[in-house]
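# Summary of structural features
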Amino acid sequence: MNTFGTVTGFHCRNCEATLEGEQVGGYCPSCGGVLTVNWDIDETGLASVTASRTPQTMWAYEGLLPFSSEAAVTMGEGGTPLVKVPKLADSVGVSQLLVKDEGQNPTGTVVDRGLSLAMTAAAQTDVRAVSLAAPGAAGQSAAAYAARADLDATVYLPSRAPFERKAMTNVHGAELTVVQGRLPDAENRLRSDRDTLELGASLGPFETPFRHVAHQTIAFELLAEMDRVPDAIVVPVGTGTVLVGLYTGLVTLRENGLLAELPSLYAVQPTGCAPIVDAWEGERPTEPVTVPDTVCGELEVPEPAGGEWVLDALDASDGGAVAVPDEAILDEGLTIARESGLELAPEAATGLAGLRKLASTGEIGSESTVVTVGSGTGGADLLRSRLEARPR
Ligand SMILES: [Zn+2]
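This one's a predicted model, so the numbers in the text were calculated from it and none came from an experiment.

Parameters and conventions
- Numbering of residues starts from 1 in every chain and runs along the sequence as written.
- Under the rules for a predicted model, residues below a pLDDT of 70 receive no local features and side-chain atom pairs below 80 are neither given nor counted, while totals for whole chains, interfaces and linings still include all residues.
- In computing side-chain values, all of the structure's heavy atoms are included and hydrogens and water are not.
- Each helix is a run of DSSP H or I of at least 4 residues and each strand a run of E of at least 2, with the numbering of both proceeding from the N terminus.
- When we talk radius of gyration, it's over C-alpha atoms, and the globule rule is simply 2.2 Å times the number of residues to the 0.38.
- When accessible area is computed with a 1.4 Å probe and restricted to protein chains, residues below 20% of their type maximum are described as buried, those above 50% as exposed, and intermediate ones as partly exposed.
- The contact criterion used throughout is that any non-hydrogen atoms of two residues lie within 4.5 Å.
- The protein chains shown are the only cover counted for residues, whose accessible areas, like all others here, come from Shrake-Rupley with a 1.4 Å probe.
- The charged-residue count follows a simple rule in which Lys and Arg add positive charge and Asp and Glu add negative charge, with His and chain termini not counted at all.
- Every charge is mapped to an atom, namely NZ of Lys, CZ of Arg, CG of Asp or CD of Glu.
- By convention a nonpolar core is built from buried Ala, Val, Leu, Ile, Met, Phe, Trp, Tyr and Cys residues, the set being connected through side-chain atoms within 4.5 Å.
- Note that the domain bounds reflect an automated or database-derived domain assignment.
- Each of two parts loses accessible area, computed with a 1.4 Å probe, when they are put together; buried area is these two losses added.
- One side-chain nitrogen of Lys or Arg within 4 Å of one carboxyl oxygen of Asp or Glu is enough to make a salt bridge.
- Whenever a nitrogen or oxygen atom comes within 3.5 Å of another N or O atom, the pair is scored as a polar contact, on the condition that within protein one atom can donate a hydrogen and the other can accept it, and that pairs from neighbouring residues in sequence are kept only if both atoms are in side chains.
- Distances define the donors: N, O and S atoms within 2.8 Å of the metal qualify, as do those within 3.2 Å of Na, K or Ca. Water is excluded, so some sites may look unfinished.
- Geometry assignment treats four donors as tetrahedral when all angles are between 85 and 135 degrees, treats four as square planar and six as octahedral when opposite donors are over 155 degrees apart and all others between 65 and 115, and treats everything else as irregular.
- Only strands joined by at least two bridges in the DSSP assignment are considered to pair.

Once that is clear, we can look at the overall build of the chain. Tallying secondary structure elements over the chain gives 14 helices and 13 strands in all. Over its C-alpha trace the chain gives a radius of gyration of 19 Å, about what one expects of a compact globule, namely 21 Å for 392 residues. Summarising its shape, the C-alpha atoms of the chain cover approximately 60 × 50 × 40 Å along the three principal directions. Classification of the 392 residues of the chain by burial places 58% in the buried group. In the chain, the proportion of contacts linking residues at least 24 apart, taken out of those at least 6 apart, comes to 71%. For the chain, the accessible surface area stands at approximately 15,900 Å², while carbon and sulfur atoms represent 45% of it. Placing the 26 positive and 53 negative side-chain charges of the chain at their respective mean positions leaves the two points 7 Å apart.

Once that is clear, we can look at unusual backbone geometry. A cis geometry characterises the amide bond from Arg-284 onward to Pro-285, with omega recorded as 0 degrees. Along the chain, Pro-285 falls in the loop between α10 (275-281) and α11 (307-316). Even without a glycine there, the phi angle at Asp-150 is positive, about 60 degrees. In this structure, Asp-150 sits in the loop between α4 (137-149) and β7 (152-158).

Right, let's talk about the nonpolar core for a bit. By size, the foremost hydrophobic cluster in this structure holds 90 residues, and its most contacted members are Leu-117, Met-119, Val-130, Phe-210, Ile-233 and Leu-243. When residues in this core are grouped by element, the largest group, eight residues, is from helix α9 (residues 241-255). Counting residues domain by domain, this core receives three or more from each of domain 1 (82-110 + 210-389) and domain 2 (111-205). For Val-130, the residues in contact, after removing those within four places along its chain, are Met-119, Ala-122, Ala-146, Leu-151, Asp-152, Ala-153, Thr-154, Leu-199, Ala-201 and Leu-203.

With that settled, consider the domain arrangement of the chain. By domain assignment, the chain separates into domain 1 (82-110 + 210-389) and domain 2 (111-205). Put simply, the middle of domain 1 and the middle of domain 2, counted by C-alpha atoms, are 24 Å apart. Here domain 1 and domain 2 share an interface that buries about 2,100 Å² over both sides, 54% of which is from carbon and sulfur atoms. Among the residues domain 1 hides against domain 2, the three largest losses belong to Thr-107, Arg-211 and Glu-298. Together they make up 35% of the total. Put simply, domain 1 and domain 2 have four salt bridges between them.

Attention now goes to the environment of Asp-112. Among the secondary structure elements, Asp-112 is positioned in helix α3 (residues 111-123). The sequence separation of Asp-112 and Trp-59 amounts to 53 residues, and the corresponding C-alpha distance is 12 Å. Once residues within four sequence positions are removed from consideration, Asp-112 is found in contact with Glu-77, Asn-105, Pro-106, Thr-107, Ser-141 and Tyr-145. A polar contact of 2.6 Å, which involves the side chain of Asp-112, links it to the backbone nitrogen of Thr-107.

To continue, consider the coordination of the zinc ion. Octahedral metal centres with six donors ideally show angles of 90 or 180 degrees, and tetrahedral centres with four donors ideally show 109.5 degrees. The protein atoms donating to the zinc ion are Cys-12 (SG), Cys-15 (SG), Cys-28 (SG) and Cys-31 (SG), with metal-donor distances spanning 2.2 to 2.3 Å. Classification of the site at the zinc ion as tetrahedral follows from its four donor atoms and the range of 101 to 116 degrees in their angles at the metal. Using a relative accessible area of 4% as the deciding quantity, one classes Cys-12 as buried. Look at Cys-31 and you get partly exposed, because its relative accessible area is 35%.

Turning our attention to the environment of Glu-70. Among the secondary structure elements, Glu-70 is positioned in the loop between α1 (46-49) and β4 (82-84). The exposure class assigned to Glu-70 is exposed, which follows from its relative accessible area of 79%. Residues Glu-70 and Arg-390 lie 320 residues apart in sequence; the distance between their C-alpha atoms is 50 Å.

Within a regular strand, side chains alternate between the sheet's two faces. Most of strand β12 (residues 320-324) is tucked away: five of the five residues are buried. Burial along β12 is two-sided: Gly-320, Val-322 and Val-324 and Ala-321 and Ala-323, pointing in opposite directions, are all buried. Where strand β11 (residues 264-270) and β12 come together, five bridges link them in parallel fashion. Note on β12: the bridge partner recorded for Val-268 is Val-322.

Taken as a whole and assessed by the stated rule, the structure comprises 14 salt bridges. With a closest N to O distance of 3.0 Å, Glu-225 and Lys-100 form a salt bridge. A residue pair is termed long-range when its members are at least 10 positions apart, and Glu-225 in helix α8 (residues 216-225) and Lys-100 in strand β5 (residues 96-101) qualify at 125 residues. By relative accessible area, Lys-100 is classed as buried at 0%. Where Arg-113 meets Glu-102, a salt bridge forms, and the shortest distance between an N and an O atom there is 2.7 Å. Placement of Arg-113 in helix α3 and of Glu-102 in the loop between β5 and α3 is noted, with a sequence separation of eleven residues between them. Within this structure, Arg-13, Arg-284, Glu-308, Asp-312 and Asp-315 form a network of salt bridges that share partners.

If you want it as structure tokens, here you go:
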């Protein structure tokens, strides 16, 4: 009897390969492509989406997830506030603007949703250890959820990751390796260490499908909370797990008759590292950025594994992609803190900077209702340094 939740198997997005059994992380054994997971949803779970109230946690949608809340490694992630910001809506030039405040998650980031589900999957197997490389936030989050699941975690962070992320990774008891340089350096070190060390299951973005699958719950929450589905959802994009999760969640809703039309999805990246925007504006496939450089370390992902999937989602939802400079991003972080009280990290404020650009060119119309994903909190030092640097 299959006891791996309701998982029925895996298939490769790139070739026809299918896999069975319990798998937490890894790429397609035939072609190295990204694996997707198939599972049986419980259709009674759809009622929780139409209940018209904010759930307490994302596990309110257990019927639509591969594992039950009973099995969950959870600290109450999801069920985050959807906050109206009318002053910003006016200044940006849209009818209504709401921020999904993912900074309210247990470790202050949207990635908690993914690590909760991925750690739940790991805890269902005989795996005793997990590992990943991350720009920062996912390292801390993985350390926290591994502690909760009583699994050993090994985390690789680049030296430029914020001090607090590194410190909390240690505090939660994970083995932390700080690698000189940027994210690809940390990823390479993990890859080479995997040959000699017992690093267990991979929990990297798209290396485990459960991280992006968990982000479907953002789509479910939006439908449950809003009178009408937004016209556009603007998402800061680094690895792509949030946008891909949102997209697949919206498709699930549409396939089950709960959504007539997909909202347009927009990806926003910092100008200094915008491989998905470059591909959207030019030739696919996405090419790695050779010299990434942005203050938004969380979005400094020069070779996103989910790049092609993000581009497919933008296409299918009639959305788009836009890049914004660091100064504009930091200014939005300051503006929202001063006008609405919300504390968005620079990577989260990137969505607002992108929205302002999209609204100014008319790509997002003035009558639109827009949601932006405030992907996390933090970065006070960066915001304050911008405050001191900019003209008064
Ligand atoms: Zn394949």
